[in-house]
Amino acid sequence: MKKRIAALISAVFVLLALCIPAAADGASYIFDVSGALSAEDWAALEAQAQDLSDRYGCGVYAAIVDDSDEYGSDVSDASERIYADNGFGLGEAHNGIFLLLSLSDRNYALHVDGHDAMTAFSSAAQDMVEESFLPALGDDDWAGGLADYLTACGECLERAASGDPIRESPVKAILIAIGASCAVALVVCLILKAKMNSVHKGTSALEYVVDDGLTLTEQYDHYTHTTETVRVIESDSDSSSDSSTRSGSF
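These numbers were taken from a predicted model, which means no experiment stands behind them. (Residues numbered from 1 in each chain as written. Predicted model: local features only at pLDDT ≥ 70, side-chain atom pairs only at ≥ 80, totals over all residues. Heavy atoms only, no water.)

At H94, a position not held by glycine, the phi torsion is positive, near 55°. Summarising the element assignment, H94 is placed in the loop between α3 (75-85) and β3 (96-102). The class of H94 is partly exposed, set by a relative accessible area of 38%. Positive phi outside glycine occurs at D140, with the angle close to 60°. (Helix = DSSP H or I, 4+ residues; strand = E, 2+ residues; numbered from the N terminus. Buried < 20%, exposed > 50% of the residue type's maximum accessible area, 1.4 Å probe, protein only.)

Encoded structure:
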């Protein structure tokens, strides 16, 4: 009987280790397992995250842990497991965004789940969110980094709510295509020029006529190639998937 009780207690501790515990005063969006935040900073961040989540119907979460390996095979896997195991996300689709910070290896993962969340947090929007919080995290300013993260999330959600979600600008792709085309054309011209080095211009018309004269016996058109122009039509969403996870270091 004592062995059974001991085994049960051990199992409970294992389950607790796989979950992100809420703070004592009832945190539901910001989780600080490592103790990196002061009580005042945590309260301010929690209030901001809850306000955004309630206002836009999309959960905005963040967690700071000592080592993400305690929750998954890597920081990306850990973020996905924590999101699913703790029932993160709002609505039937569990729409939400979750930032996981692992302090021991200075890695982070940004997980987005749900169709509406993916609309607000497209690839370009996630780039903007990452650029907002990485500078502060690089200086070990955990509260400042999370505050910047929440502010950027609010901008993305506001844009999506107004019908103008953040999308990748086509200008960059167009410039890259033009530059690549010019580079290919230049290489082709240089190759043709190199092949023409042995050719010289004749000074007399007789140099272009054979001894027996010139007689045209056959004429035909030779097909060489077809030039096709393709126009890419952008879809309403950057991705057909309803979830995405990206990771990096700070």
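Residues L37, L99, F121, V129, L146 and Y149 are the most contacted members of the largest nonpolar core, which totals 50 residues. Of all the elements, helix α6 (residues 142-161) adds the most residues to this core, at 9 residues. Sequence-distant contacts of L146, defined by excluding residues within four places in its chain, comprise I30, L37, L45, A62, I64, L99 and L101. (Core = buried A, V, L, I, M, F, W, Y, C linked by side-chain atoms within 4.5 Å. Contact = heavy atoms within 4.5 Å.)

Turning our attention to a negative patch on the surface. The grouping of D66, D69, E70, D74, E80 and D105 at the surface amounts to a negative patch. By the secondary structure assignment, D66 is in the loop between β2 (59-65) and α3. Looking at D66, the relative accessible area reads 43%, which means it is partly exposed. (Patch = residues over 30% accessible without salt bridge, like charges linked within 9 Å, V, L, I, M, F, W, Y side chains within 5 Å. Areas by Shrake-Rupley, 256 points an atom, 1.4 Å probe, with all protein chains shown as cover. Salt bridge = Lys/Arg side-chain N within 4 Å of Asp/Glu carboxyl O. Lys, Arg positive; Asp, Glu negative; His and termini not counted. Charge placed at Lys NZ, Arg CZ, Asp CG, Glu CD.)

Once that is clear, we can look at the pattern of salt bridges. In total, this model carries 6 salt bridges according to the counting rule given. Note that R246 and E130 form a salt bridge whose closest N and O atoms lie 2.8 Å from each other. Of the two residues, R246 is situated in strand β5 (residues 243-249) and E130 in helix α5 (residues 123-138); the sequence distance between them amounts to 116 residues. Take R246 and E130: they sit in the same class, and that class is buried. Note that D164 and R159 form a salt bridge whose closest N and O atoms lie 3.2 Å from each other. Judged by its relative accessible area of 42%, D164 is partly exposed.

Quick look at the packing of aromatic side chains now. Using the criterion set out here, one finds 9 aromatic pairs in the structure. Seen in terms of ring centroids, F88 and F98 are 5.4 Å apart; in terms of plane orientation they differ by 75°. Their pairing is edge-to-face. Separated by 10 residues along the polypeptide, F88 in the loop between α3 and β3 and F98 in strand β3 bring together distant segments of the chain. Note on accessibility: F88 and F98 belong to one class, buried. Between Y108 and F133, the ring centres sit 5.4 Å apart and the planes meet at 85°, which makes this aromatic pair edge-to-face. One end of the pair, Y108, is in strand β4 (residues 107-113); the other, F133, is in helix α5, and 25 residues separate them in sequence. Looking at F133, the relative accessible area reads 0%, which means it is buried. Through successive ring pairs, a cluster of aromatic residues spans Y29, F31, Y61, Y83, F88 and F98. (Phe/Tyr/Trp six-rings, centres within 6.5 Å; stacked < 30°, edge-to-face > 60°.)

Glancing now at the confidence of the model for the chain. Counting all residues, the mean pLDDT for the chain is 78, and 60% of those residues have values of 70 or more. Of the regions scoring below 50 in pLDDT, residues 2-18 engages in 5 contacts with residues more than four places distant in sequence or in other chains. Of the regions scoring below 50 in pLDDT, residues 170-175 engages in 0 contacts with residues more than four places distant in sequence or in other chains. (pLDDT = per-residue confidence, 0-100.)

For the rest of this paragraph, the subject is the environment of S244. Structurally, the position occupied by S244 is in strand β5. In sequence terms S244 and D113 are 131 residues apart; their C-alpha atoms lie 6.6 Å from each other. Once residues within four sequence positions are removed from consideration, S244 is found in contact with L110, H111, V112, M118 and Q126. In this structure the side chain of S244 is engaged in a polar contact, spanning 3.1 Å, whose partner is the side chain of Q126. (Polar contact = N/O pair within 3.5 Å; in protein donor to acceptor, adjacent residues only side chain to side chain.)

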